[in-house]
Amino acid sequence: MSKNLRWKLLTILAVVGLSIWAFAPPAEKIRLGLDLKGGVHLVMRVQTDDALRVETEGSADRLREALRTQAIGVTAVTVAAPGEFRVTGVPAAQDAQFRQALVDIDLMYDRSQSVTDYTFRLKPNVVTQLRDETVNQALQTIERRVNELGVAEPIVARHSAADQILVQLPGVSDVNRAKEIIRSTALLELKLVEQGPFPDEASARQAFAGNVPPDLQILPGVSEATAGAPASTVYYAVRRVAAVTGRDLRNARPSLDENNRPAVSFSLNNEGAIKFGNFTQANINRQLAVVLDGRVQTAPQIQSRIDSEGRITGTFTTQEAQDLGLKLRS
């Protein structure tokens, strides 16, 4: 009898021991949801109209640059709405030449003509494709950013509406930082500076007699702080068409500048390196604007050909440089 009791006790102890081992420590073995652990719950709407506008503005900019290169003197190229832009004042004598410049445009746009004016609208199938691609890209971007935040068992998925995304991040303590990283854009563009810096926007526009050419744009930036003066907002006139953009990035990491201040170093993919190398070689001794989300972060002088490596400097904290590197990588 005592022998059977001993085996029963050993069996009970073994079961209890296995149970403790299976669930200890609880924080690692039991995944608590938002209702028990807290965290971030977001339902985000992707602004697909913005994606259509960006595509349209890019197409208009490329056409404007092609017309300038071929000396086709149209009156204006303007974006009328997301998915639509217009070209006015095409000279009758250059109409055939103008149509030849539309080879790439005609692949994505329906074209209509009224005397010397043309209207271009994105084709319906292209609109549908762009909207769907935009939501998928946003979904993948958020997934990559969430993975880099190190969140355990996050949920990133399409929500009920076609343009909505559900994000759940259990256990995240710095909620505001997580939201900022997920929602921000971090659009990087490298553009040629035509003039500047100017102390204010009015001065920048006055340099062109108040009529800024359509292939240029005025962007704000920050002057370098000195011992005698703090950093202040300045303005640059830059080329509207970027030499390379964030789409050409291969990687981006926090680093330090020559004064040991936080910065972000980046490298370009093969295609971006070729474009950037040719661009910098053709513009030695001119200024290059490093533009992030429509703001000039720095505008150094191009001193030699640059192929695949670059650096973004500015008034960053170490945390901001880390977050910017994360956003650019994704």
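Details of the structure are given in the entry above.
Model, not experiment: these values are computed from the prediction.

A.B. asks: Now, about the nonpolar core: what can you tell me, with residues and values included?
C.D. replies: Counting residues in each nonpolar core, the largest one holds 20 residues, and the members touching the most others are Leu-67, Phe-85, Val-87, Phe-98, Phe-120 and Leu-122. Broken down by secondary-structure element, the contributors of at least two residues to this core are helix 4 (48–69), strand 3 (84–88), strand 5 (117–122) and helix 7 (124–149). The greatest single-element share of this core, amounting to four residues, is contributed by helix 4. In this view, Phe-98 contacts Leu-67, Ile-72, Val-74, Val-87, Val-90, Tyr-118 and Phe-120; residues no more than four positions away in its chain are not counted. One finds Leu-249, Leu-288, Ala-321 and Leu-324 within the second-largest nonpolar core, a separate group that totals 19 residues.

A.B. asks: Would you mind going over the sheet that holds strand 4 (residues 109–114) in detail, with residue names and values included?
C.D. replies: Two modes of strand pairing occur in sheets, parallel and antiparallel, and in both the strands are linked by backbone hydrogen bonds. With antiparallel pairing, the four strands of this open sheet are ordered in space as 2-3-5-4. Bordering the open sheet on either side are strand 2 (76–81) and strand 4, each of which pairs with just one other strand. With direction set aside, neighbouring strand axes in the sheet form an average angle of 20°. In this sheet, strand 3 lies alongside strand 2 in antiparallel orientation, the contact comprising five bridges. By the bridge assignment, Ala-81 is partnered in strand 3 with Glu-84.

A.B. asks: Describe the pairing of strand 12 (residues 249–256), listing the residues and the values that go with them.
C.D. replies: Within a regular beta strand, the side chains point alternately toward one face of the sheet and then the other, so they alternate between its two faces. In terms of strand pairing, strand 12 meets strand 13 (residues 262–268) through seven bridges, oriented antiparallel. Across the sheet, the residue bridging to Arg-253 is Ser-265, located in strand 13. Between strand 12 and strand 13, which pair antiparallel in sequence order, lie five residues; one of them, Asn-260, sits at a positive phi of approximately 60°.

A.B. asks: Outline the packing of helix 4 against helix 7, listing residues and values.
C.D. replies: Where helix 4 meets helix 7, the closest approach of the two axes is 9 Å, and the angle between their N-to-C directions is 120°. Judged by the twist between their axes, the crossing of helix 4 over helix 7 is right-handed. From helix 4, Thr-48, Asp-49, Ala-51, Leu-52 and Glu-55 reach across to helix 7, where they touch Val-127, Leu-130, Arg-131, Thr-134 and Val-135. Partitioned by chemical class, the residues of the contact of helix 4 with helix 7 number five nonpolar, two polar and three charged.

A.B. asks: Residues and numbers for the packing of helix 7 against helix 8 (residues 175–183), please.
C.D. replies: Across the interface, helix 7 lies against helix 8 with an axial gap of 9 Å and an inter-helix angle of 145°. Between helix 7 and helix 8 lies a crossing whose hand is right-handed. Contact with helix 7, carried on its side by Ile-142, Arg-145, Val-146 and Leu-149, involves Arg-177, Ala-178, Ile-181 and Ile-182 of helix 8 and no other residues of that element. Looking at side-chain class alone, the contact of helix 7 with helix 8 contains six nonpolar, no polar and two charged residues.

A.B. asks: Can you lay out the environment of Ala-71 for me, pointing to particular residues and giving the numbers?
C.D. replies: Along the chain, the position of Ala-71 falls in the loop between helix 4 and strand 2. Owing to a relative accessible area of 56%, Ala-71 belongs among the exposed residues under this scheme.

A.B. asks: Pulling in residues and values, what's your account of the sheet that holds strand 13?
C.D. replies: Pairing within the open sheet is antiparallel, and its three strands lie in the order 12-13-16. The strands lining the two open edges of the sheet, one partner per strand, are strand 12 and strand 16 (309–312). Across the sheet, the mean angle from the axis of one strand to that of its neighbour is 25°, orientation sign disregarded. Here strand 13 pairs with strand 16 via four bridges, running antiparallel.

A.B. asks: Residues and numbers for the side chain of Gln-217, please.
C.D. replies: Inspection of the secondary structure puts Gln-217 in strand 9 (residues 216–222). A polar atom in the side chain of Gln-217 sits 2.3 Å from the side chain of Lys-191. Excluding anything up to four places from it in sequence, Gln-217 contacts Lys-191, Tyr-236, Ala-237, Val-238, Arg-239 and Arg-240.

Basis of the calculations
- Residues numbered from 1 in each chain as written.
- Predicted model: local features only at pLDDT ≥ 70, side-chain atom pairs only at ≥ 80, totals over all residues.
- Heavy atoms only, no water.
- Core = buried A, V, L, I, M, F, W, Y, C linked by side-chain atoms within 4.5 Å.
- Buried < 20%, exposed > 50% of the residue type's maximum accessible area, 1.4 Å probe, protein only.
- Helix = DSSP H or I, 4+ residues; strand = E, 2+ residues; numbered from the N terminus.
- Contact = heavy atoms within 4.5 Å.
- Pairing = 2+ DSSP bridges.
- Axes fitted to C-alpha atoms, helices over the stretch in contact; angles between N-to-C directions.
- Left-handed = near helix turned anticlockwise from the far one by under 90°.
- Nonpolar A, V, L, I, M, F, W, Y, C, P; charged D, E, K, R; others polar.
- Polar contact = N/O pair within 3.5 Å; in protein donor to acceptor, adjacent residues only side chain to side chain.

Purely geometric stuff here, so don't read any function into it on its own.
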